Amino acid sequence: MFETVLHRIRRAIDRRRLKDPRWLPMFDDDPAGEVVSIDCETTGFDTKKDDIIYVSAIRVAGSRILTSSAYNAVVRPSAEMRAEAIRIHQLRAVDVEKGRSMKEVLPELLDFIGGRPIVGYWIDYDAAMIDRYVKETHGFRLPNRRIEVSKLYYELKYGRAPQGTVVDLSFNAIARDLGLRELPAHDAFNDALSAAEMYVQLTDMQARGRTIAREQRDDASAGIAH
């Protein structure tokens, strides 16, 4: 699901070049059919320069969200904490200074993910953050398929919308339409949990052929949101 041709090519190349067989299972789909919802808090928003400071991962088995066995880790960053990021997640340098290094956390995280597709809201950002460490440390890129919940939502609500329809793919819009409880935002565990709940509801609706109703309004006159 949502796997690009480029991603398939990269995965095939990385698999052939893989030096450590420990990570070979990551290149095969999980036999249990589970997925993993992931969210990261970071020192900033540059995937090439900033660091992860907190990561949460929650496995989803069918309609069951396995919160009791979730993976959570506080990470001590090398990059400086940026003010704009602190304003969002409210984590300061002092809050993560006793965390472990990403070098220690990464093997645990990869073992937890395994070959499961990774799910999230803005999942490409979280995957890019993790990917940098994987490539630097182990020489390959995350081979896992990515499932973006906002794309699932778009297909169910706007897939057949007429030209000019206002499109709102914000986290709050998705949560509101699905009737999800409001959890404190910009907390890695809460965001991973919310994304998992979105995934479960959206895939269930997709399987049953249901769609999400759009508001009846003059969308063309309102313009298109980006």
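Refer to the structure presented above.
Residues numbered from 1 in each chain as written. Predicted model: local features only at pLDDT ≥ 70, side-chain atom pairs only at ≥ 80, totals over all residues. Heavy atoms only, no water.

Asker: When you look at helix α6 (residues 149–158) in this model, what are you seeing that I'm missing?
Answerer: Since the α-helix turns once every 3.6 residues, residues separated by three or four places project in the same direction. Taking burial as the measure, the ten residues of α6 include seven buried ones, the bulk of the element. Among the residues of α6, those classed as buried are Val 149, Ser 150, Leu 152, Tyr 153, Leu 156, Lys 157 and Tyr 158. (Buried < 20%, exposed > 50% of the residue type's maximum accessible area, 1.4 Å probe, protein only. Helix = DSSP H or I, 4+ residues; strand = E, 2+ residues; numbered from the N terminus.)

Asker: How should the nonpolar core be read in this particular structure?
Answerer: Across soluble globular proteins, nonpolar side chains have a tendency to be buried as a group. Within the largest apolar cluster, 30 residues are counted, with the highest numbers of intra-cluster contacts made by Ile 38, Ile 52, Val 55 and Ile 130. Leave out the neighbours within four places in its chain, and Val 55 touches Ile 38, Asp 39, Cys 40, Tyr 71, Asn 72, Ala 73, Val 105, Leu 109 and Ala 188. Of all hydrophobic cores here, the second largest spans 22 residues; its members include Val 60, Val 149, Leu 156 and Leu 202. (Core = buried A, V, L, I, M, F, W, Y, C linked by side-chain atoms within 4.5 Å. Contact = heavy atoms within 4.5 Å.)

Asker: I keep staring at the packing of helix α4 (residues 102–113) against helix α5 (residues 123–138) and nothing clicks. Help me out?
Answerer: One way to put it is that α4 packs onto α5 with a least axis distance of 11 Å and a crossing angle of 100°. One way to sum up the angle between α4 and α5 is to call them roughly perpendicular. Facing α4, whose interface residues are Met 102, Leu 106, Leu 109 and Leu 110, α5 presents Ile 130, Tyr 133, Val 134, Thr 137 and His 138. Partitioning the contact of α4 with α5 into residue classes produces seven nonpolar, two polar and no charged. (Axes fitted to C-alpha atoms, helices over the stretch in contact; angles between N-to-C directions. Parallel < 35°, antiparallel > 145°, perpendicular 65-115°, else oblique. Nonpolar A, V, L, I, M, F, W, Y, C, P; charged D, E, K, R; others polar.)

Asker: Whenever I open this one, the side chain of Asp 126 confuses me. Can you help?
Answerer: As for its position among the elements, Asp 126 is in helix α5. Buried and without a salt bridge, Asp 126 has Arg 146 as its closest oppositely charged side chain, separated by 9.8 Å. Non-local contacts of Asp 126, meaning those with residues more than four positions away in its chain, are made with Ile 38, Asp 39, Cys 40 and Tyr 121. (Lys, Arg positive; Asp, Glu negative; His and termini not counted. Salt bridge = Lys/Arg side-chain N within 4 Å of Asp/Glu carboxyl O.)

Asker: What is the right way to read the environment of Phe 171 from this model?
Answerer: If you trace the backbone, Phe 171 turns up in helix α7 (residues 171–178). Note: C-alpha distance between Phe 171 and Trp 122 (49 residues apart in sequence) is 9.5 Å. Residues in contact with Phe 171, not counting those within four places in the same chain, are Tyr 121, Asp 191, Ser 194 and Met 198.

Asker: Help me understand empty space enclosed by the protein, please; the structure alone is not making it clear to me.
Answerer: With a probe scaled to a water molecule rolled over the atoms, the places where space remains empty come into view. Throughout the structure, instances matching the rule amount to one cavity of 30 Å³ or more. Taken as a whole, the largest cavity holds about 30 Å³ of empty space. In terms of lining residues, the largest cavity is bounded by Arg 11, Met 26, Phe 27, Asp 28, Asp 29, Gly 115, Pro 143, Asn 144 and Arg 145. Split by residue class, the lining of the largest cavity holds three nonpolar, two polar and four charged. (1 Å grid on protein atoms, 1.4 Å probe; cavity = no way out; pocket = protein on both sides within 12 Å on 5 of 7 lines; lining within 4 Å. Points joined across faces, edges and corners; volume = space filled by probe spheres on them.)

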